[in-house]
Amino acid sequence: MVRCSYVNKNRKFLTTIGLPYELKIINMGVPMKAFIVTTIMCLILYLLLTTGSGTDILGLWSFIELAFGILLCIIVGIIARKVFIKDSYRMLNPVRWFLFLGYLIGPFFLALTKANLDVAYRVITGKINPGIVKISPGLKTDLGITLLANSITLTPGTLSVDIDEDTNDLYVHWINVDTKALENKPVECKYICGNFPKWVRRIAE
């Protein structure tokens, strides 16, 4: 790690005003990259959520809104840089974002529609057989398993309730456990989430 002599001479001052250790070091290694990526991603999300809040900039945002957003995202970037960004920057690849978009409007939307109809049918008829089953999607990254767990939870009729941190196996509450699915343990993913794991593997791993 390369240290700037100026920073070393003023280390006491920087410590006094409470700056994080990585910002006391002029370093374009992992901490600084993680800070930049986290800040940019937070700013993009902030801009999407505040679209239409003003008319000063492109007719979509106000100057005050944008200035506050930049300041807020910098603070979030400093605090959360090690939480959201670790040692991998694979999601900076635009191809993965297009795959993610295709996943949302394709297989996920279809599964969501089918699950809504199925749950509505079971609510009306009362034909349910609830239970908790274990699936082994074979995902290796935190992002991948998080994306899959959220996809399962957002699909009516299934809910991710726990994860085995050693194997990344998921425990899922299923509104209507298929007895055929219980023939193999862990339960095959196709019964719970179809081809979600294959898409998540392309996107996040």
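Residues numbered from 1 in each chain as written. Predicted model: local features only at pLDDT ≥ 70, side-chain atom pairs only at ≥ 80, totals over all residues. Heavy atoms only, no water.

Asker: Tell me about the packing of helix H5 (residues 94–125) against helix H8 (residues 196–204), and name the residues and values.
Answerer: Interaxial distance between H5 and H8 falls to 9 Å at its minimum, and their mutual angle equals 165 degrees. Taken as axis vectors, H5 and H8 run roughly antiparallel relative to one another. Every pair of crossing elements has a handedness; the one defined by H5 and H8 is left-handed. Where H5 approaches H8, its residues Arg96, Leu99, Phe100, Gly102, Tyr103, Pro107, Phe108 and Ala111 are matched on the opposing element by Phe196, Trp199, Val200, Arg202, Ile203 and Ala204. Considered class by class, the residues forming the contact of H5 with H8 number eleven nonpolar, one polar and two charged. (Axes fitted to C-alpha atoms, helices over the stretch in contact; angles between N-to-C directions. Helix = DSSP H or I, 4+ residues; strand = E, 2+ residues; numbered from the N terminus. Parallel < 35°, antiparallel > 145°, perpendicular 65-115°, else oblique. Left-handed = near helix turned anticlockwise from the far one by under 90°. Contact = heavy atoms within 4.5 Å. Nonpolar A, V, L, I, M, F, W, Y, C, P; charged D, E, K, R; others polar.)

Asker: Outline the sheet that holds strand S1 (residues 131–135), supporting the account with residue identities and numerical values.
Answerer: Strand order in the open sheet formed by three strands is S1-S3-S2, and the pairing between neighbours is antiparallel. Only two strands of the sheet have a single neighbouring strand rather than two, namely S1 and strand S2 (158–164). Within the sheet, the average angular offset between the axes of one strand and its neighbour, ignoring direction, is 25 degrees. In terms of strand pairing, S1 meets strand S3 (residues 169–174) through five bridges, oriented antiparallel. Bridging from a neighbouring strand, Ile132 pairs with His173 of S3. Helix-sheet contacts for helix H6 (residues 142–154) involve S1, S2 and S3, and the interaxial angle to S2 is about 150 degrees. (Pairing = 2+ DSSP bridges.)

Asker: Would you mind going over a nonpolar patch on the surface in detail, with residue names and values included?
Answerer: A cluster of nonpolar residues, Ile36, Ile40, Met41, Ile44, Leu48 and Trp97, forms a patch on the protein surface that exposes about 550 Å² of accessible area. Here the nonpolar patch takes five residues from helix H3 (residues 30–49), the largest share from any one element. On the secondary structure map, Leu48 appears in helix H3. The exposure class of Leu48 is exposed, given its relative accessible area of 61%. (Patch = residues over 30% accessible without salt bridge, like charges linked within 9 Å, V, L, I, M, F, W, Y side chains within 5 Å. Areas by Shrake-Rupley, 256 points an atom, 1.4 Å probe, with all protein chains shown as cover. Salt bridge = Lys/Arg side-chain N within 4 Å of Asp/Glu carboxyl O. Buried < 20%, exposed > 50% of the residue type's maximum accessible area, 1.4 Å probe, protein only.)

Asker: Residue-level account of a positive patch on the surface, with values.
Answerer: The grouping of Lys140, Lys198, Arg201 and Arg202 at the surface amounts to a positive patch. Take Arg201: it is sitting in helix H8. (Lys, Arg positive; Asp, Glu negative; His and termini not counted. Charge placed at Lys NZ, Arg CZ, Asp CG, Glu CD.)

Asker: Please give an account of the pairing of S3 that cites residues and values.
Answerer: In this structure, S2 lies alongside S3, joined through six bridges in antiparallel fashion. Residue pairing across strands places Leu159 opposite His173, the latter belonging to S3. Hairpin connection, S2 to S3: the antiparallel pair is bridged by four residues, and Asn168 has positive phi, about 65 degrees.

Asker: Tell me about H6, residues and numbers included.
Answerer: With 13 residues, H6 extends 18 Å between its outermost C-alpha atoms, agreeing within 8% with the 18 Å of an ideal straight helix rising 1.5 Å per residue. If you check which residues of H6 are buried, you get Gly144, Ile145, Leu147, Leu148, Ala149, Ser151 and Ile152. (Expected span 1.5 Å × (residues − 1).)

Asker: Give me the lowdown on the state of the cysteines, citing residues and values where you can.
Answerer: Taken as a whole, this structure holds zero disulfides when the rule is applied. Between Cys42, a cysteine without a disulfide, and Cys73, which holds the nearest cysteine sulfur, the sulfur-to-sulfur distance is 5.4 Å. Taking the relative accessible area as the measure of exposure, Cys42 reaches 23% and is therefore partly exposed. Cys189 carries a free sulfur, and the closest cysteine sulfur to it, the one in Cys193, is 4.7 Å from it. The class of Cys189 is buried, set by a relative accessible area of 14%. (Disulfide = S-S within 2.5 Å.)

Asker: Account for the packing of H6 against H8, with residues named and values stated.
Answerer: Close contact between H6 and H8 brings their axes to 9 Å; oriented N to C, the two are set at 140 degrees. Relative to H8, H6 is oriented so that their crossing is right-handed. Listed contacts from H8 to Leu143, Gly144, Leu147, Leu148 and Ser151 of H6 are Phe196, Pro197, Val200, Ile203 and Ala204. Among the residues forming the contact of H6 with H8, the class breakdown is eight nonpolar, two polar and no charged.

Asker: Tell me what's going on with the pattern of salt bridges, and back it up with residues and numbers.
Answerer: As enumerated under the stated definition, the model contains three salt bridges in all. Asp118 is paired through a salt bridge with Arg122; the nearest N and O atoms lie 3.1 Å apart. One end of the pair, Asp118, and the other, Arg122, are both in helix H5, four residues apart, so they sit about a helical turn from each other. You can call Asp118 partly exposed: its relative accessible area is 30%. Overall, Arg122 belongs to the buried group, its relative accessible area being 15%. One salt bridge connects Asp169 with Lys134, and the closest N-O pair in it is separated by 3.5 Å. One end of the pair, Asp169, is in strand S3; the other, Lys134, is in strand S1, with 35 residues separating them in the sequence. The class of Lys134 is partly exposed, set by a relative accessible area of 29%.

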